[in-house]
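# Observations on the model geometry
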Amino acid sequence: MADDQVKQDVRRFYDQIGWQTESDGFYQNARYEDLRPVSASYIYKCHMRVNRHLIRPGHFLLDAGSGPIQYPAYLTYGEEFAYRLCVDISFLAMKEARKRLGNKGLYVVADVANMPFISGVIDGLVSLHTLHHLPLAEQRKAYNEFDRLLAHGKVAVIVNGWTESRLMKRWAWLQRIMESAGAKISSSRRKNSERSAEEFPKSKPENGPSGKNKPQDKKVTGTFIEKLDAQWLRRELAENDIQILVWRSVSVRFLRAVIHSVLAGKLLLALLYMLEEKYPSYFGVNGQYPLVVFHKSESMDNR
Ligand SMILES: C[S@@+](CC[C@H](N)C(=O)[O-])C[C@H]1O[C@@H](n2cnc3c(N)ncnc32)[C@H](O)[C@@H]1O
């Protein structure tokens, strides 16, 4: 598919599906996150890792592919910057972001691989879960843009998933066992509730889960995704100063399958977080989601 076509498809997806609010009050996109209370603290702390690399204070923080700034932790990235310059290919994303940031935000519908700003004006840059929507050559161009826009001595913090995580592959057996146990438990729960509904028909709620107000499952098709691996990144950015650290080492699928409050889920995640803190490079390269710290290159400074 041509690059322009890819981008149009991605924009249509986010305008029509990804940033539409569902009946539970969350964006459709939030269904790709684990929003259960058992994982909340771990997920929040992982979100906050971005903050430790941003150089503050500053004038402009560029958020490349900002979406609507959907999680409260995302608001903290803009602290001590005068403005948060949100760039996104989706118009709806920008409209929604304005609801959260108001006058602190500047909103530009544009492509992160080709941004309409002059060089060297950005004091900090974040980009989360966006570059994987671009073909690899365009991802490379986006990094060039980050380099061009950053001011001397400043950094970008980029979060994306690897195509394949060695760690997740190693633990796939556990995920499979837990998924099949989970499927058995929910099927037996369903049977029990159907049985009690037959035995006590009056107790069945009129508009409850099986009634006419049951939320309808929308058919959602995803959009273009091109992930990558640490080798590609290191090769392509060989001339840049980058560090690959951990953002979050486990996938959402793994969290949902394995982490449960009755199985000491909070404790397990606290231990995992401690390990990630101790070995950030190992978990960054081998886990599911790396956090890339990208330093403005010297050569760009000299142009
Ligand atoms: C998965 S969402 C992530 C949004 C936000 N960063 C977050 O973490 O919640 C990906 C976002 O990237 C935007 N996007 C995808 N391709 C883009 C491109 N080429 N230029 C600008 N934005 C793009 C999408 O419109 C969408 O808002």
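A brief look at the structure comes next. Bear in mind the structure is a predicted one, so any value in this text is a computation, not a measurement.

### Re the site of the ligand
Around the ligand sit 20 residues, and of these Gly65, Gln70, Tyr74, Asp88 and Leu128 come closest. Between the ligand and Trp19, the relevant distance is 2.9 Å, taken from an oxygen atom to a side-chain nitrogen or oxygen of the residue. Backbone polar atom of Ile89 to a nitrogen atom of the ligand: 3.1 Å apart, as the coordinates give it. Coverage of the ligand by the protein chains reaches 97% of its 590 Å² of free accessible surface.

### Looking at the environment of Leu237
Here Leu237 is to be found in the loop between α8 (230-236) and β6 (241-248). Residue Leu237 is classed as buried on the basis of its relative accessible area, which comes to 2%. Residues in contact with Leu237, not counting those within four places in the same chain, are Arg140, Tyr143, Ile242 and Phe294.

### Remarks on a nonpolar patch on the surface
On the surface, Leu267, Leu268, Leu271 and Met274 cluster together into a nonpolar patch covering about 400 Å² of accessible area. Relative to the helices and strands, Leu268 resides in helix α10 (residues 265-278).

### Remarks on the sheet that holds strand β2 (residues 81-88)
Spatial strand order, β3-β2-β1-β4-β5-β7-β6: seven strands in an open sheet with mixed pairing. Each edge of the sheet is formed by a strand with only one pairing partner; in this case those strands are β3 (105-109) and β6. Adjacent strand axes in the sheet meet at a mean angle of 20 degrees when their direction is disregarded. Alignment of strand β1 (residues 58-64) against β2, held across six bridges, turns out to be parallel.

### Observations regarding the side chain of Asp88
Its place among the elements puts Asp88 in strand β2. Buried charge without a partner: Asp88 forms no salt bridge, and the closest opposite charge is Arg11, 8.3 Å away. A polar contact of 2.8 Å, which involves the side chain of Asp88, links it to the backbone nitrogen of Ser90. Residues contacting Asp88, with those up to four places away along its chain left out, are Gly65, Ser66, Gly67, Ala93, Met94, Val108, Val109 and Ala110.

Reading the values: the criteria
Residues numbered from 1 in each chain as written. Predicted model: local features only at pLDDT ≥ 70, side-chain atom pairs only at ≥ 80, totals over all residues. Heavy atoms only, no water. Near = heavy atom within 4 Å. Polar contact = N/O pair within 3.5 Å; in protein donor to acceptor, adjacent residues only side chain to side chain. Areas by Shrake-Rupley, 256 points an atom, 1.4 Å probe, with all protein chains shown as cover. Helix = DSSP H or I, 4+ residues; strand = E, 2+ residues; numbered from the N terminus. Buried < 20%, exposed > 50% of the residue type's maximum accessible area, 1.4 Å probe, protein only. Contact = heavy atoms within 4.5 Å. Patch = residues over 30% accessible without salt bridge, like charges linked within 9 Å, V, L, I, M, F, W, Y side chains within 5 Å. Salt bridge = Lys/Arg side-chain N within 4 Å of Asp/Glu carboxyl O. Pairing = 2+ DSSP bridges. Axes fitted to C-alpha atoms, helices over the stretch in contact; angles between N-to-C directions. Lys, Arg positive; Asp, Glu negative; His and termini not counted.

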